[in-house]
Amino acid sequence: MPIHTNQEMTMRWITMLYAAGAYLLFWLCSVYLIGFTADFLVPRTLNRGPVSETGLALLINAGLILLFGAQHSFMARQGFKRWCRRWLPEPMERSTYVLLSSLMLGLLYWGWRPLPQTLWLVEGGGAVALWVLFGLGWALVVHATFLISHGELLGLSQAYRHLRGRAFCEVGFRTPGLHRIVRHPLMLGLLLAFWAPPHMTVGHLLFAAGMTLYIVIGIHFEERSLVRAFGDRYLAYRASTPMLLPSLKTLHRWRASRS
Ligand SMILES: C[S@@+](CC[C@H](N)C(=O)[O-])C[C@H]1O[C@@H](n2cnc3c(N)ncnc32)[C@H](O)[C@@H]1O
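Sequence order as written defines residue numbering, which begins from 1 separately in each chain. Residue-level local features of this predicted model are given only where pLDDT is at least 70; pairs of side-chain atoms are given and counted only at 80 or more, and the full residue set underlies all totals for whole chains, interfaces and linings. Side-chain numbers come from the whole structure's heavy atoms, not from hydrogens or water.

S.K.: Explain the confidence of the model for the chain to me, and be specific about the residues and the numbers.
M.R.: Considering every residue of the chain, the mean pLDDT works out to 93; 98% of them sit at 70 or more. Interface scoring of the predicted complex returns ipTM 0.95; its pTM is 0.92. Note: pLDDT gives the predictor's confidence per residue, expressed from 0 to 100.

S.K.: How would you summarise the UniProt feature "domain: NnrU" (unreviewed entry) in the chain if you had to cite specific residues and measurements?
M.R.: UniProt positions are given in the numbering used here, feature names are shortened, and annotations may be inferred rather than shown by experiment. The feature "domain: NnrU" (unreviewed entry), as given by UniProt, occupies residues 64–225 in the numbering adopted here. Between the first and last C-alpha atoms of residues 64–225 the distance is 26 Å; the span itself is 70% helix and 4% strand. Secondary structure elements follow DSSP: runs of H or I no shorter than four residues count as helices, runs of E no shorter than two count as strands, and numbering proceeds from the N terminus.

S.K.: Could you give an account of the pattern of salt bridges, naming the residues involved and the relevant values?
M.R.: Whenever Lys or Arg places a side-chain nitrogen within 4 Å of a carboxyl oxygen from Asp or Glu, that contact is recorded as a salt bridge. If you walk through the whole model with that rule in mind, you get 7 salt bridges. The closest approach of N and O atoms between Glu 90 and Arg 85, which form a salt bridge, is 3.7 Å. With its nearest N and O atoms 3.6 Å apart, the salt bridge here joins Arg 238 to Glu 223. Placement of the pair is Arg 238 in helix H10 (residues 232–240) and Glu 223 in helix H9 (residues 202–230), with a sequence separation of 15 residues. Each member of the salt-bridge network shares a partner with another, and the members are Arg 85, Glu 90 and Glu 93.

S.K.: Describe the site of the ligand, listing the residues and the values that go with them.
M.R.: Only a single heavy atom is needed: when it lies within 4 Å of a molecule or strand, its residue is near that molecule or strand. Looking at the ligand, the residues that line it are Ile 148, Leu 153, Gly 172, Phe 173, Arg 174, His 179, His 184, Pro 185, Leu 186, Met 187, Glu 222 and Leu 226. The separation between an oxygen atom of the ligand and a polar main-chain atom of Pro 185 is 3.3 Å. Whenever two N or O atoms come within 3.5 Å, that pair is a polar contact, provided that in protein one can donate a hydrogen and the other can accept it, and provided that, for residues adjacent in sequence, both atoms are side-chain atoms. Between the ligand and Met 187 there is a distance of 3.0 Å, counted from an oxygen atom to a backbone nitrogen or oxygen. Alone, the ligand offers 570 Å² of accessible surface; in the complex the protein occludes 81% of this. Where the shell around the ligand is concerned, the elements lending two or more residues are helix H8 (185–195) and H9. All accessible areas in this document rest on Shrake-Rupley with a 1.4 Å probe, and a residue is counted as covered only by the protein chains that are shown.

Next comes the structure, spelled out in structure tokens:
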């Protein structure tokens, strides 16, 4: 059993508390996102908040989406991670990403300017079906965070391993559960949640379209890193499994693997 100085143990506990704080804030911001996109229960939503004239509102909202996408894409790059390690202990790196993502979401909620002109409004049974899709989308998002490694994805495992004095280890290539149907179940869940609400306003459309663009760009960069990390294994997976929309073939394969 290695002996650690008090100072070292204090630093490990600070890292753990930092990771736990970032994790809790991320959950809070993510739950808020459900109300923000559904236009209920929370004070500011896509259709409720401070009003600006249309041109300015478009500019502010596009800027907020751009900032969110830029932070996500930039911080996920290997080059940025290497740079980050010069300033931050490695076990804090993922938590910092999680923390800044939450702050960006908070900024988006705070700064968003509603553009409440209705583009379409589905009512009756159609609306119920769309709300079910919305719920399924969020359920898929939460489920998908647990598929590869929930703790790793949100920075908790890195800090916990450090606290226990264990070495850092990367998650290997895996295709658990729904990853056998589509390569990006989490992103699919987000797309369902962003597009399903039956009342589509100009502001909501801007948000959904901006986030869709970011998701497509994010997937492109994520897959580039995955090909670099896992080579032929990822290429073979990419050739056999659709990116976002399940195919009959993969659905059948998934069912067969469960029976
Ligand atoms: C936010 S998760 C999203 C995973 C996926 N894009 C999705 O929509 O479900 C992103 C992390 O998962 C990792 N990842 C994605 N697919 C993976 C796989 N098949 N095996 C191991 N890691 C994977 C990426 O390298 C990245 O660090």
